[in-house]
Amino acid sequence: MKINNRLNGIGEYHFKNLDYIREKRISMGKKVVDLSIGDPNLLVDESIKEGLIEGMNKKGFNKYPPYDGLEELKLQIIKYYKDKFSVQLEEEEVVILIGSKEGISNVIPSVCDIGDTVLVPEPGYPVYYIASKLWGCFPCTVPLKEENNYLVDLDNIPENTVSKAKLMFINYPNNPTGASATEEFFERIVKFAKEKNIIVCNDAAYCEIIEQDIKPISILQFDKEKTVVEFGSFSKLYNMTGFRVGYAVGNKEVIKNLIKVKSNLDSGQFMPIQYAAINALKLGDEYNKQLKEEYSKRRVLVKKILQEKNIKFFDSYSTFYIWCKTPKGYTTYEFCLELLNKHGIIVTPGDVFGTLGYDYFRIALTQPYNIIENSLSSLDKYE
Ligand SMILES: Cc1ncc(COP(=O)(O)O)c(C=O)c1O
């Protein structure tokens, strides 16, 4: 059979493999604490569910939705950017997505031709790399290093790579490292993107999942001309991973092309889900405060246990991930297997995020406090 060669070297999405391991252990009657995937255990707020149900009672709820999203949701996102970041967006600068993952993929043909270079962070969310390959582009990895607080070192990307690139993905707050962008970094990268004529997309899926006393920032605050694009997601902040809804905002031209790509490939998200998203955005600061408090408690707990167990980690304060160094004397694979077989804990091996993740693993704070405490406390103390 003749098939797409670009699929060579691309495996099943990594969490599908982890799902298999988890289900197998459960079917054998063994305990599993899943600290791998970023799928929060927290409840969906009642008002979000009400939005979904009310949406089902609206006339035409079952019809094809508008390709670029419901106007009411777009207006709510515009309000959110104004209130939270003092950024004024126009309607043509907003598009609703079927989850931000969909937009991250579809933005590639919105900007790039086949054979174009896309800069992607490593370690990084695997979709940037794989989707670039699938769309016939060349993903070129840009290393993120602890000594730079996992911020992209713009001075050290080779000039011949920069000159070829049309699109660059960045992701702050960052998965898997938990790193956050500074205002200076966003200012610099916006300037860099303009000078080098590269479209920068910041994936802000974890934008508000940060410590309480730190103000969330958007890259658009540092880009008056709106040359960049920012992706947002309802999955992580509102525990809506299954609802599949997100958005892209910013560069009008890119948003227009993204709608062109989308309208040829899909038909917009089910309208009741978009009404649920409107209610999510209306939840406001009290909701965010409680969520931040919960993750902050879990973050403090995990850091304390890791210190006790002599496991090194990046001391981050955003996202719900902790990026840990594999203890001496183990490969990451051996270590992850030991966690699974001896303690029933699943974590994500760092190489899922690229070769620079080889000696690392990622813990997701997506289980209740006491379950995280009981499971991780059982670990050995390492050298
Ligand atoms: C960095 C990052 N971006 C995007 C996504 C996808 O989010 P969504 O559920 O909105 O597609 C994830 C999910 O894990 C993620 O970690």
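What you see is a predicted model; the values in this text were computed from it and never measured.

Moving on, we get to the overall build of the protein chain. Across its full length, the protein chain holds 12 helices and 12 strands. For the protein chain, the C-alpha radius of gyration of 21 Å lies close to 21 Å, the compact-globule estimate for 383 residues. Its C-alpha atoms put the protein chain at 55 × 55 × 55 Å along the principal axes. Expressed as a percentage of the 383 residues in the protein chain, the buried residues total 47%. Counting only contacts in the protein chain whose residues sit at least 6 apart along the sequence, the fraction spanning at least 24 positions is 74%.

Domain parsing of the protein chain yields domain 1 (5-43 + 286-378) and domain 2 (46-283). Each of domain 1 and domain 2 has a C-alpha centre, and these two points are 24 Å apart. Of all the secondary structure elements, the ones that give two or more residues to the side of domain 1 that touches domain 2 are helix H10 (284-308) and strand S9 (321-325). The leading source of residues in the side of domain 1 that touches domain 2 is H10, at eight residues. Of the residues belonging to the side of domain 1 that touches domain 2, the class tally is 16 nonpolar, 10 polar and six charged.

Moving on, we get to the sheet that holds strand S12 (residues 360-364). Taken in spatial order, the three strands of this open sheet run S9-S12-S11, and their pairing is antiparallel. Strands with a single pairing partner mark the edges of an open sheet, and in this sheet they are S9 and strand S11 (348-349). Examined bridge by bridge, S11 and S12 share two bridges and lie antiparallel to one another. Across the sheet, the residue bridging to Thr 348 is Arg 362, located in S12. Helix H11 (residues 332-343) contacts S11 and S12 of the sheet and is inclined by roughly 35° relative to S12.

Ordered in space as S2-S8-S7-S6-S5-S3-S4, the seven strands form an open sheet in which the pairing is mixed. Either end of the sheet is taken by a strand with one partner, and the two such strands are strand S2 (94-97) and strand S4 (138-143). Along the sheet, successive strands turn relative to each other by an average axial angle of 20°, direction set aside. Note: strand S5 (residues 165-170) against strand S6 (residues 199-203), four bridges, orientation parallel. Counted as the bridge partner of Met 168 is Val 200 from S6. Contacts from helix H4 (residues 100-111) reach S2, strand S3 (117-122), S5, S6, strand S7 (229-233) and strand S8 (246-250) within the one sheet, and its direction differs from that of S7 by about 160°.

Core analysis: the largest hydrophobic core is formed by 105 residues, its most contacted members being Leu 167 and Ala 248. For this core, the element with the most residues is helix H9 (residues 271-282), which contributes seven residues. Shared between two domains, this core takes at least three residues from each, and those domains are domain 1 (5-43 + 286-378) and domain 2 (46-283). When residues no more than four places from it in sequence are discounted, the contact partners of Leu 167 are Ile 108, Val 111, Cys 112, Val 118, Ile 198, Ile 199 and Cys 201.

Let us look at the site of the ligand. Residues in contact with the ligand amount to 13 residues; listed here are only the nearest, Gly 99, Ser 100, Lys 101, Ser 233 and Ser 235. For the shell around the ligand, the residue count by class is two nonpolar, nine polar and two charged.

Moving on, we come to helix H5 (residues 127-134). Every buried residue of H5 is listed here: Tyr 128, Tyr 129, Ala 131 and Ser 132. Here the buried face of H5 lies against H4, S3, S4 and S5. Once H5 finishes, Gly 136 follows within two positions and takes phi at roughly 85°, a positive value.

On to the pairing of S12. The side chains of a regular strand alternate, residue by residue, between the two faces of the sheet. With five of its five residues buried, S12 lies for the most part within the structure. The alternating pattern of S12 places Tyr 360, Arg 362 and Ala 364 and Phe 361 and Ile 363 on opposite faces, both of which are buried.

As a further point, take unusual backbone geometry. Cis geometry marks the peptide bond from Glu 122 to Pro 123, where omega comes out at 0°. For Pro 123, the location among the structural elements is in the loop between S3 and H5. Along the chain, Asn 175 connects to Pro 176 via a cis peptide bond; the corresponding omega equals 15°. Inspection of the secondary structure assignment puts Pro 176 in the loop between S5 and helix H7 (183-196).

Here is what the cut-offs are and how they apply
- Residues numbered from 1 in each chain as written.
- Predicted model: local features only at pLDDT ≥ 70, side-chain atom pairs only at ≥ 80, totals over all residues.
- Helix = DSSP H or I, 4+ residues; strand = E, 2+ residues; numbered from the N terminus.
- Rg over C-alpha atoms; globule rule 2.2 N^0.38 Å.
- Buried ≥ 20, exposed ≤ 12 C-beta atoms within 10 Å, placed from the backbone.
- Contact = placed C-beta atoms within 7 Å.
- Domains from an automatic or database assignment.
- Nonpolar A, V, L, I, M, F, W, Y, C, P; charged D, E, K, R; others polar.
- Pairing = 2+ DSSP bridges.
- Axes fitted to C-alpha atoms, helices over the stretch in contact; angles between N-to-C directions.
- Core = buried A, V, L, I, M, F, W, Y, C linked by C-beta atoms within 7 Å.
- Near = placed C-beta within 6 Å.

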